[in-house]
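Single-letter residue listing:
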Amino acid sequence: MSATTAHGTASAVQTAVADSFSAWHDLISASFVPLHVRSTDAEHFHGRLRSRLLDELSIVEVTATGHSVHRTPSLIDISDRPYFKLNLQLSGTGILVQDQREALLLPGDLAIYDTNRPYTLAFASDFRTLVLMFPHDALEMPVGSVGRLTARRLPSDRGLGRMISPFMTQLAENLDILSGPSGHRLAHNTVDLLSTLLSAELDREGISSERPHDELFANIRRYIEANLADPDLSPASVAGAHFISTRHLHNVFQEAGTTVASWIRSRRLENCRRELRDPLMAHRPVSNVAARWGFVDAAHFSRIFRAAFGEPPSAYRRAGNI
C-alpha cells in the first residue's frame, strides 16, 4: 500500500504517510484543495502529513522531500469554497508565487495565499512546514485587503511576527493536545491573531494608503464589529456615526468589493457560526445565539444561515458535536 493513514475522530490528530509520489498527489489534494503536484525525483519521494481539524480551521504539518504544488484556474473552477492558507516555514526553504509576487520563505517566515487565485509553492529539497487553512469569511478582513499581502514574506524577526511565529511553531509541536472547548477557542484565537498580524503589516508597509478610502474603511469595520449585536445597525446608522452620507459609505464598500449590508450580515453570521460550534455555548438556544448578534427574527436567521452554510443552524450545531 503506497499511503497509510491513522484514522480517528474529526477532532483527533490524523497522520498520513505517502511512500509514492502518486499517493502524495492524491493525499495533498484531499487534505487541502485540488492541486497539481510535480517532482523532479518522484522515484525517491516520501511525505507525511499530521493534521488536526478545529472547527473550520485545518492545521497541517507537512514533512516531505522536495516538490512543487500548483493551483491552476481549472482547479479553482471545480472548487466550491474559497480559503486562505497561511504557511509557516519550519525547516528548509520554500518559494511562494501568487498575484505576480514571489516570496522566498526561510525557517520562521510566514506567508499567506488565497486558494481562489492561482499560486505555486515550491520546495527544492527536504522541508517541513505548517499550513493553516480557513474559509475567507472566518477572517475579519476584506478579501481585497488580504490580497495585497499574498506571497509577501512575513519574517519572524520583525513586528508582530516575533510573537506570532513562535506561537505558530508551538501549534505544530502540540497538535495532540488541541482538543475540546480549549481547542475550539484556540482555533478562533489563532485566526484573530492572523487578522491582527495582517492589519499591522498593511499599516507598516503603507499598503493601505494605495486607496484613499482605506483608513476610513478600517475605522468603519471596527465600528461595525463593535456594534454587531445592535439590531438597529444599518448603513444609515453607520454613515451617521462617521459623519458621512450613505452614498459615500456605499462607495467606500464598493471600492473594497462588497456592500455595507452584506459585510454586516457576513460578520454576524460568522459570529453565530462560531458560537453554535463552541462547546461552551451548547446550552444557549439557537434563537438566543442569533439575538446576541442582532438577528431578531429567528425564521429569517435560519433562512440566511442555511443559505450561507448549507444547513439550518440547529443541524449545523449537531454536526459539530458529533
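See above for the structure.
Thresholds applied
- Residues numbered from 1 in each chain as written.
- Predicted model: local features only at pLDDT ≥ 70, side-chain atom pairs only at ≥ 80, totals over all residues.
- Heavy atoms only, no water.
- Phe/Tyr/Trp six-rings, centres within 6.5 Å; stacked < 30°, edge-to-face > 60°.
- Buried < 20%, exposed > 50% of the residue type's maximum accessible area, 1.4 Å probe, protein only.
- Lys NZ or Arg CZ within 6 Å of the ring centre and 35° of its normal.
- Helix = DSSP H or I, 4+ residues; strand = E, 2+ residues; numbered from the N terminus.
- Lys, Arg positive; Asp, Glu negative; His and termini not counted.
- Salt bridge = Lys/Arg side-chain N within 4 Å of Asp/Glu carboxyl O.
- Polar contact = N/O pair within 3.5 Å; in protein donor to acceptor, adjacent residues only side chain to side chain.
- 1 Å grid on protein atoms, 1.4 Å probe; cavity = no way out; pocket = protein on both sides within 12 Å on 5 of 7 lines; lining within 4 Å.
- Points joined across faces, edges and corners; volume = space filled by probe spheres on them.
- Nonpolar A, V, L, I, M, F, W, Y, C, P; charged D, E, K, R; others polar.
- Axes fitted to C-alpha atoms, helices over the stretch in contact; angles between N-to-C directions.
- Parallel < 35°, antiparallel > 145°, perpendicular 65-115°, else oblique.
- Contact = heavy atoms within 4.5 Å.
- Pairing = 2+ DSSP bridges.

Engineer: Explain the packing of aromatic side chains to me, and be specific about the residues and the numbers.
Structural biologist: On inspection of all chains with the given rule, the structure shows twelve aromatic pairs. Pairing phenylalanine 309 with tyrosine 316 gives two aromatic rings, centres 5.9 Å apart and planes at 40 degrees, and the pair type is tilted. Given the relative accessible area of 15%, phenylalanine 309 is considered buried. For tyrosine 316, a relative accessible area of 3% gives the class buried. Taken together, the ring pairs in this structure connect Phe295, Phe301, Phe305, Phe309 and Tyr316 into an aromatic cluster. In this structure, lysine 85 is placed above the aromatic ring of phenylalanine 32, and the distance from its NZ or CZ to the ring centre is 4.3 Å. Positioned over the ring face of tyrosine 316 is arginine 277, at 3.9 Å from the centre of the ring.

Engineer: Mind laying out the side chain of arginine 52, listing which residues take part and the relevant values?
Structural biologist: You can see arginine 52 is positioned in strand 4 (residues 47–54). Here arginine 52 is buried and forms no salt bridge, its nearest opposite-charge partner aspartate 176 lying at an N-O distance of 6.1 Å. Side-chain polar atoms of arginine 52 contact the backbone oxygen of leucine 175, separated by 2.5 Å.

Engineer: Break down empty space enclosed by the protein for me, with residues and values.
Structural biologist: A complete count under the given rule lists four cavities of 30 Å³ or more for this structure. There is about 130 Å³ of room inside the largest cavity. Looking at the largest cavity, it is lined by 15 residues, and the ones nearest its centre are Ile28, Phe32, Val69, Leu121 and Val131. Going through the elements one at a time, strand 6 (67–71), strand 7 (83–91), strand 11 (119–123) and strand 12 (127–135) are the ones with two or more residues in the lining of the largest cavity. In terms of residue class, the lining of the largest cavity is made up of eleven nonpolar, three polar and one charged. When its volume is computed, the second largest cavity comes out at roughly 60 Å³.

Engineer: Outline the packing of helix 9 (residues 260–277) against helix 11 (residues 298–309), supporting the account with residue identities and numerical values.
Structural biologist: When two helices pack together, their arrangement is captured by the angle between the axes and the distance separating the axes. Between helix 9 and helix 11, the least distance of the axes is 11 Å, while the angle of their chain directions is 85 degrees. Our classification of the angle between helix 9 and helix 11 gives roughly perpendicular. Between helix 9 and helix 11, the contacting residues are Arg265, Leu269, Cys272, Arg273 and Leu276 on the first element and Phe301, Ile304, Phe305, Ala308 and Phe309 on the second. Counted by class, the contact of helix 9 with helix 11 contains eight nonpolar, no polar and two charged residues.

Engineer: For the sheet that holds strand 11, give the residues involved together with the corresponding values.
Structural biologist: Taken in spatial order, the five strands line up as 3-6-11-8-9 in an open sheet, and their pairing is antiparallel. Where the open sheet ends on each side, the last strands, each with one partner, are strand 3 (36–38) and strand 9 (101–105). In this sheet, adjacent strand axes meet at a mean angle of 15 degrees when their direction is disregarded. Alignment of strand 6 against strand 11, held across five bridges, turns out to be antiparallel. When the sheet's bridge partners are listed, histidine 70 is paired in strand 11 with threonine 120. Of the strands in this sheet, strand 3 and strand 6 are in contact with helix 1 (residues 21–31), which crosses strand 3 at around 150 degrees.

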